[in-house]
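# Tertiary structure, described
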Amino acid sequence: MPSQIVTRLPSLQRRLMAFAIALALLVLAALGALLVSGAATHGAIQDSRTQTVPQILERQRATANLERLIRFGWIAATAHAPQDWRQSAITAQALAFHPSLAFDDELRRQVIQVHSTIRQVITLREQAQELRNSGQAKRADIVDDEARQLWTPQESVLAKLQGRLADDAASLIVTRMDRISRISNLTLQSALAATLVILVIVGATAWMVGRNLLRPVVSLAQAMRDTWQGGEAPALPQPATAEIAVLQDAVGQLHDALHRANLREHALRASEQRLASIFSASEAAIVLTDSIGQVMQANDAFLRLLGLNDTLDLKLDRLTHPDDRGQAAETHQAMMSGEIDRHRADRRLVRADCTVVWVDATIRAIRDGTAPPHQFVAVAIDISDRVRAEKELLFIRALVDQSADPIYCLDPLDGGRMAWANAATCRHFGVSEAQMLTMRIPDWDPGVNQEKAEQLMQAALHSDTHVLETCHRVAGGGVIPVEVSASSLHHDGRPYVAGYIRDIRDRNRMLEAVRRSNEDLQQFAYVASHDLQEPLRMVASFLQLLERRYGAVLDEDGHEYIRFAVDGAVRMKQLIEDLLAFSRIDTSGAPLAPTSLEQATREACDNLATAITESGASVTWNAPLPQVRGDGFQLVRLMQNLLGNAIKYRSADRKADITVSAVRVGDYWTVSVADNGIGIAPEYHDRIFMIFQRLHGIGAYEGTGIGLAICKRIVERHGGEIWVESQGNTGSTFKFTLKAV
Amino acid sequence: MRVWLILLGLVSIAGLRPALADEVTVGITSTAPPFVDVDADGRLIGGFNVDLARLLCQRMGRTCSLEKASFPQLLTRVEEGTFQVGFANLLKTPDREQKMLFSVPIWRSTSSFVARAGTPALDPVKARQSARICVVRKTLQEAYLTQQPGPAANVVPVSTHAELFQGLRAGHCDAALLPTVQGLSFLASPEGAGFDYSGPPLQEPNVSGNVHIVVTKGRPELLKQINDAFAEINRDGTYRTLIARYFPFDIL
């Protein structure tokens, strides 16, 4: 509700205040009237008590004393005995001047007049008494009559005074009663007016409260019920007062708050469901325990991790490996004392089958405020593989550290700085590890500047393994030849160049010796085989000449001996030629270059065309065979030897069926030459590739037994391998690998 | 031991205190009838003041000890507190109000001269110049006469109204100034024969007016009880009966 709308609306508080003021004024007026009436009543009562009643009593006493005065006066005037009329006269005198007959001037005046009359009566009685004492009784009686007559009118005077006092008393009573009656009427009227005012106030209050408070509040209550039941924002009537507007605004805010609370509740419920799902479906073992470690709840992963079926009467402490229980107890104590709330550690748990499982355990204490924890929640992740890997890594690290060969790792992003080096590297360069880690390639390789070092590292980063020979300035200051391997290595998102360093001074010396030895051997083989052919030709030629010239004189044995000698010479010549070819594979080979295996196979088949035709063999392949990196002439010889062997060692009861195929494996092609020949027993699979090794007698099959040795030599020169797969009598499959183009 | 005795004494005093507090010593002037009647041994046997004192004590529920005293003695003892209550037909004056507490009026009084019957009525202002006048000591009548001109020897102070009437009869004084009702019994008695009121009562306010009971200054609660008790007997008619027993008319 905008505040300006609220400020424009009339204020219920002001209305109520004005109403309360008016109400208070009316009540005060009513109360004032009642108070006035009450005060008047009280005043009348007080007046009656303090004035009217005393006045009436005063008059009653005066009336009574007047009555006594009449009596005393009459006695004084009429009594025969002197002591009687004298005593009455005295009493009448005392009474006449008593204050009870002096409260009114007229009364006082007339009573004093009566007193004077009594004095006169007494005087006459005294005179009459003196006359009677002097024997003049008749005159005394006359005087007494005179005194009696003098007194008699006074009785009327006193009686009138009594009547006046009675009238005064009655008048006082009537006056007082009239006043009390008026006050009573005023009180009654005030009460009626107050009742009327109260009725009007009650009605006005009911009307005002109903209009300004009850109806809006009922509407608000309905709106709040709607809000509570999740309804839409309630449509409220136009507020009549600012306070109701504020209330409506508050209800709107309450609705929004409830809506948000509902959303939060839904979100919370969804979160709880997700948590429950996570709890149950989590691969991490989650367990909830009480303060003493008694398991209260655990998920399936926990049961699986420990090989348990349930968690009944299960304490976490019993699951902990005995060696870890001390540390676990310390952690528990620290959590109970409030030193820590969370602890993470690698722990060993004992499974149900008594095997040990390593876990990454995180334990969190659940506590209220600063009170000791009343629950613990633990999350355990099986890290047995990681621990095993770490152990293996530590083992490898130990191996690498203890390796006699220097192993290093450079950081190409830091100018080739040594990022890691094993102890052998430090010994190699004769520096400490800390110093080693500050050095770059130019610091130890006098033939490489920083620019070339960058190039070398880029080359290493863009190839699998780069091996080069260079020179290092090593411990002692000398410069020695080394072989350095460099491979790209990515770790933690960063490229590195890693490899080994190998002191090749001995190897170079050996290689040099071998090279010279090979050269000598090749020279020897060439010379020997070339020079050996001439005597053989002479032996064969003269044996043939001897047979032609002296054949007639020789018997059968002689001819046979000559034939044996010639065959031996021929076979020796073949051996020498094969040996010569074998020795020339490495020395007379062409550089390796992309070569068509299809073409090489076709040429080999062409060379073997006669044998294929005569044997009825069949040579097939799925064209085209791949391009490989090789020496074309040697590849033809390789395929020709293998195909020739397949034809030569064909089975007697079937025609040779030879299949050539190639399969790409990584950077190499694996080429297979399969036949259905006589096969090779497994125990001969290695022997057949040795030079001059034959599985059959010389007469059984032609050849010197050097063909497969040549094949092996050619494949190895191409960087490949060759092997045979055969179970015997089911044919053989020769396989070799060649680097793909 | 001494301490225990002191404590025992204190406890005893504390225990006795309510009884002492309920007991009231009432002083009554040894005046003439009808206010006081004494037997031959001088003991109080009745009279208006005696009966009124007993009646009020009964209504207050207090034990009263009535003691006779002359008018001057009564004023002194009420002032010093040895009389807690005094009945002496006292009018209220500012000086007396400084020394004691006054009850509500119990009756109204005037003062009159009493002299030989047949003698000319005394003029109050000139009475001291021409006659020896008996008055009770320390009364307002004595004070009035002292203020009037005349020889000091003409003021004859006596201690009680009985002495005052005796003085009249013996001729020690020519007249007496006393409360009007006080003279009624004397004048009505054979001893008062030949005596009469001399003129009307004095119109001086100092010697006429309301008569009060006095209470010692330190006992306002006792005064309140007396006022309440008097209101009660006045309301139920007991007081009027008492007045009618001793006076020929209503003196209230």
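Thresholds, definitions, all that
- Residues numbered from 1 in each chain as written.
- Chains lettered and ligands numbered in written order.
- Predicted model: local features only at pLDDT ≥ 70, side-chain atom pairs only at ≥ 80, totals over all residues.
- Heavy atoms only, no water.
- Helix = DSSP H or I, 4+ residues; strand = E, 2+ residues; numbered from the N terminus.
- Rg over C-alpha atoms; globule rule 2.2 N^0.38 Å.
- Buried < 20%, exposed > 50% of the residue type's maximum accessible area, 1.4 Å probe, protein only.
- Pairing = 2+ DSSP bridges.
- Axes fitted to C-alpha atoms, helices over the stretch in contact; angles between N-to-C directions.
- Contact = heavy atoms within 4.5 Å.
- pLDDT = per-residue confidence, 0-100.
- Domains from an automatic or database assignment.
- Phe/Tyr/Trp six-rings, centres within 6.5 Å; stacked < 30°, edge-to-face > 60°.
- Lys NZ or Arg CZ within 6 Å of the ring centre and 35° of its normal.
- Expected span 1.5 Å × (residues − 1).
- Buried area = accessible area lost by both parts, 1.4 Å probe.
- Salt bridge = Lys/Arg side-chain N within 4 Å of Asp/Glu carboxyl O.
- Polar contact = N/O pair within 3.5 Å; in protein donor to acceptor, adjacent residues only side chain to side chain.
- Nonpolar A, V, L, I, M, F, W, Y, C, P; charged D, E, K, R; others polar.
- Disulfide = S-S within 2.5 Å.
- Parallel < 35°, antiparallel > 145°, perpendicular 65-115°, else oblique.
- Left-handed = near helix turned anticlockwise from the far one by under 90°.
- Core = buried A, V, L, I, M, F, W, Y, C linked by side-chain atoms within 4.5 Å.

A tally of regular secondary structure across chain A gives 20 helices and 17 strands. Relative to the compact-globule value of 27 Å for 741 residues, chain A shows a C-alpha radius of gyration of 74 Å, a clear excess of over 25%. Referenced to the eigenvectors of the C-alpha coordinate spread, the extents of chain A come out at roughly 260 × 60 × 60 Å. Per-residue burial for chain A yields a buried fraction of 36% across its 741 residues.

Next up on the list: the sheet that holds strand S2 (residues 295-298) of chain A. Residue and element names in this part refer to chain A. Read from one edge to the other, the open sheet built from five strands follows the order S2-S1-S5-S4-S3, with strand pairing classed as antiparallel. Where the open sheet ends on each side, the last strands, each with one partner, are S2 and strand S3 (342-350). The sheet shows a mean angle of 25 degrees between the axes of neighbouring strands, taken without regard to direction. Set on the sheet, helix H10 (residues 384-402) makes contact with S3, strand S4 (356-366) and strand S5 (375-382); between it and S4 the angle comes to about 120 degrees.

Looking now at the confidence of the model for chain B. All names here are of chain B. Scored by pLDDT, chain B comes out at a mean of 86, with 91% of its residues at no less than 70. Across chain B, the element-wise mean pLDDT spans from 46 in helix H1 (residues 2-22) up to 95 in strand S6 (residues 100-102). Segment residues 1-20: pLDDT under 50, and zero contacts once partners within four positions in sequence are set aside and those in other chains are kept.

This next bit is on the domain arrangement of chain A. Quoted interface sizes are often the accessible area lost when the parts come together. As far as domains go, chain A holds domain 1 (26-195), domain 2 (282-388), domain 3 (403-503) and domain 4 (590-739). Computed from C-alpha coordinates alone, the two centres of domain 1 of chain A and domain 2 of chain A are separated by 117 Å.

What follows covers the packing of aromatic side chains. Within this structure, the stated rule accounts for 11 aromatic pairs over all chains. Centroid distance Phe48 of chain B to Tyr246 of chain B: 6.2 Å. Interplanar angle 75 degrees. Geometry classified as edge-to-face. One end of the pair, Phe48 of chain B, is in helix H2 (residues 48-60); the other, Tyr246 of chain B, is in helix H10 (residues 238-246), and 198 residues separate them in sequence. The interplanar angle of 70 degrees and the centroid separation of 4.8 Å between the aromatic rings of Phe230 of chain B and Tyr239 of chain B together place this pair among those described as edge-to-face. Residue class for Tyr239 of chain B comes out buried when judged on its relative accessible area of 0%. Feature note: the residues Phe35, Phe48, Trp107, Phe230, Tyr239, Tyr246 and Phe247 of chain B constitute an aromatic cluster, connected by ring pairs. Positioned above the aromatic ring of Phe72 of chain A, the side-chain terminus of Arg71 of chain A is 5.6 Å from the ring centre. The side chain of Arg713 of chain A reaches across the aromatic face of Phe582 of chain A, ending 4.9 Å from its centre.

The subject of this paragraph is the sheet that holds strand S17 (residues 732-739) of chain A. Residues and elements named next belong to chain A. Taken in spatial order, the five strands of this open sheet run S12-S14-S15-S17-S16, and their pairing is mixed. Two strands in the sheet have a free side with no partner beyond their single neighbour: strand S12 (618-621) and strand S16 (722-726). Taking the axes of each pair of neighbouring strands and ignoring which way they run, one obtains an average angle of 20 degrees across the sheet. Pairing analysis gives seven bridges linking strand S15 (residues 668-674) to S17, with the strands arranged antiparallel. Counted as the bridge partner of Val671 is Phe736 from S17.

So, about helix H16 (residues 556-587) of chain A. Residues and elements named next belong to chain A. Helix length check: H16 (32 residues) gives 47 Å between terminal C-alpha atoms against 46 Å at 1.5 Å per residue, within 8%. Taken as a whole, H16 has its buried residues at Gly558, His559, Ile562, Val566, Ala569, Ile576, Asp578, Leu580, Ala581, Phe582, Ser583 and Ile585. Here the buried face of H16 lies against helix H15 (505-550), helix H19 (632-648) and helix H20 (707-717).

To continue, consider the interface of chain B and chain A. Every contact between the two is made by 19 residues of chain B and, on the other side, 18 residues of chain A. Here chain B and chain A share an interface that buries about 1,700 Å² over both sides, 61% of which is from carbon and sulfur atoms. Counting the surface chain B buries against chain A, the share from its top three residues, Arg108, Phe249 and Asp250 of chain B, is 32%. Summed over the shared surface of chain B and chain A, the number is two salt bridges. Seen at the junction of chain B and chain A, the total is eight residue pairs in polar contact (both at pLDDT 80 or more). Put simply, the parts of the chain that give the side of chain B that touches chain A at least two residues each are strand S7 (107-109), helix H8 (182-188) and strand S12 (195-197) of chain B. Looking at side-chain class alone, the side of chain B that touches chain A contains 11 nonpolar, four polar and four charged residues.

The next thing to look at is the state of the cysteines. Note: disulfide means a covalent bond formed between the sulfur atoms of two cysteine side chains. Inspection of every chain in the model, using the stated rule, returns two disulfides over all chains. Across a sulfur-sulfur distance of 1.6 Å, Cys57 of chain B and Cys64 of chain B are joined as a disulfide pair. For the disulfide bridge between Cys57 of chain B and Cys64 of chain B, the dihedral angle about the S-S bond is near -95 degrees, and by the sign convention the bridge is left-handed. What makes Cys57 of chain B buried here is its relative accessible area of 6%. Overall, the relative accessible area of 22% leaves Cys64 of chain B in the partly exposed class. The disulfide partner of Cys134 of chain B is Cys173 of chain B, and the S-S distance across this bridge is 2.1 Å. What sets the handedness of the Cys134 of chain B and Cys173 of chain B disulfide is the S-S torsion sign, and at about -110 degrees it is left-handed. Here the residue Cys134 of chain B occupies a position in strand S9 (residues 133-136), and Cys173 of chain B occupies one in the loop between helix H7 (161-170) and strand S11 (175-179), the gap between them amounting to 39 residues. Look at chain B and number its bonded cysteines as they come in the sequence; the links are 1-2, 3-4. As a non-bridged cysteine, Cys409 of chain A has Cys426 of chain A as the owner of its nearest cysteine sulfur, 14 Å distant. Cys711 of chain A forms no disulfide, and the closest cysteine sulfur to it belongs to Cys605 of chain A, at a distance of 14 Å. Using a relative accessible area of 0% as the deciding quantity, one classes Cys711 of chain A as buried.

Residue and element names in this part refer to chain A. For H19, spanning 17 residues, the distance from its first C-alpha to its last is 24 Å, which sits close to the expected 24 Å at 1.5 Å a residue. Counting buried positions along H19 yields 12 of 17 residues, so the element is predominantly enclosed. Looking at H19, one finds that the buried residues are Gln634, Leu635, Val636, Leu638, Met639, Asn641, Leu642, Leu643, Gly644, Asn645, Ala646 and Ile647.

All names here are of chain B. Along its sequence, chain B is carved into domain 1 (23-108 + 209-246) and domain 2 (111-207). Relative placement of domain 1 and domain 2: their C-alpha centres are 24 Å apart. In this assembly, 17 residues from domain 1 lie in contact with 15 residues from domain 2. Contact between domain 1 and domain 2 buries roughly 1,100 Å² in total, counting both sides, with carbon and sulfur atoms accounting for 65%.

Further remarks concern the pattern of salt bridges. Residues and elements named next belong to chain A. Scanning the entire structure with this criterion turns up 50 salt bridges over all chains. A salt bridge links Glu265 to Arg269; the nearest nitrogen and oxygen atoms lie 2.7 Å apart. Here Arg269 and Glu265 lie together in helix H6 (residues 242-281), a separation of four residues that amounts to about one turn. When the shortest N-O distance is used, the salt bridge between Asp324 and Arg348 registers 3.0 Å. In this pair, Asp324 sits in the loop between helix H8 (316-319) and helix H9 (325-336) while Arg348 sits in strand S3, placing the two residues 24 residues apart along the sequence. Judged by relative accessible area, which is 6%, Asp324 ranks as buried. Through salt bridges with shared partners, a single ionic network connects Arg59, Asp104, Arg164 and Asp168.

Our focus in this paragraph is the environment of Asp51 of chain B. Residues and elements named next belong to chain B. With respect to the helices and strands, the residue Asp51 is situated in helix H2. By relative accessible area, Asp51 is classed as buried at 16%. In sequence terms Asp51 and Val36 are 15 residues apart; their C-alpha atoms lie 8.9 Å from each other. Excluding its chain neighbours within four sequence positions, the residues that come into contact with Asp51 are Gly46, Leu242, Arg245 and Tyr246. Polar side-chain contacts of Asp51 include one of 3.1 Å to the side chain of Arg245.

The subject of this paragraph is the packing of helix H2 (residues 12-78) of chain A against helix H3 (residues 82-96) of chain A. All names here are of chain A. For the pair H2 and H3, the least separation of the axes is 8 Å and the interaxial angle reads 150 degrees. If you check the angle between H2 and H3, you find them roughly antiparallel. Along this stretch, H2 crosses H3, giving a crossing that reads as left-handed. Facing H2, whose interface residues are Asn65, Arg68, Leu69, Phe72, Ile75 and Ala76, H3 presents Asp84, Trp85, Ser88, Ala89, Thr91, Ala92, Leu95 and Ala96. Its residues placed into classes, the contact of H2 with H3 shows nine nonpolar, three polar and two charged.

Tracing the backbone shows Ser672 of chain A in strand S15. In this structure Ser672 of chain A touches Thr659, Val660, Ser661, Thr733, Phe734 and Lys735 of chain A, once residues within four positions along its chain are discounted.

What follows concerns the nonpolar core. Leu69 of chain A together with Phe48 and Tyr239 of chain B are the most contacted members of the largest nonpolar core, which totals 113 residues. Among all residues touching Phe48 of chain B, those that are not within four sequence positions of it are Pro34, Phe35, Trp107, Tyr239, Leu242, Ile243, Tyr246, Phe247 and Ile251 of chain B. Grouped together as the second largest cluster of nonpolar side chains are 43 residues, Phe582, Ile612, Leu625 and Ile680 of chain A included.

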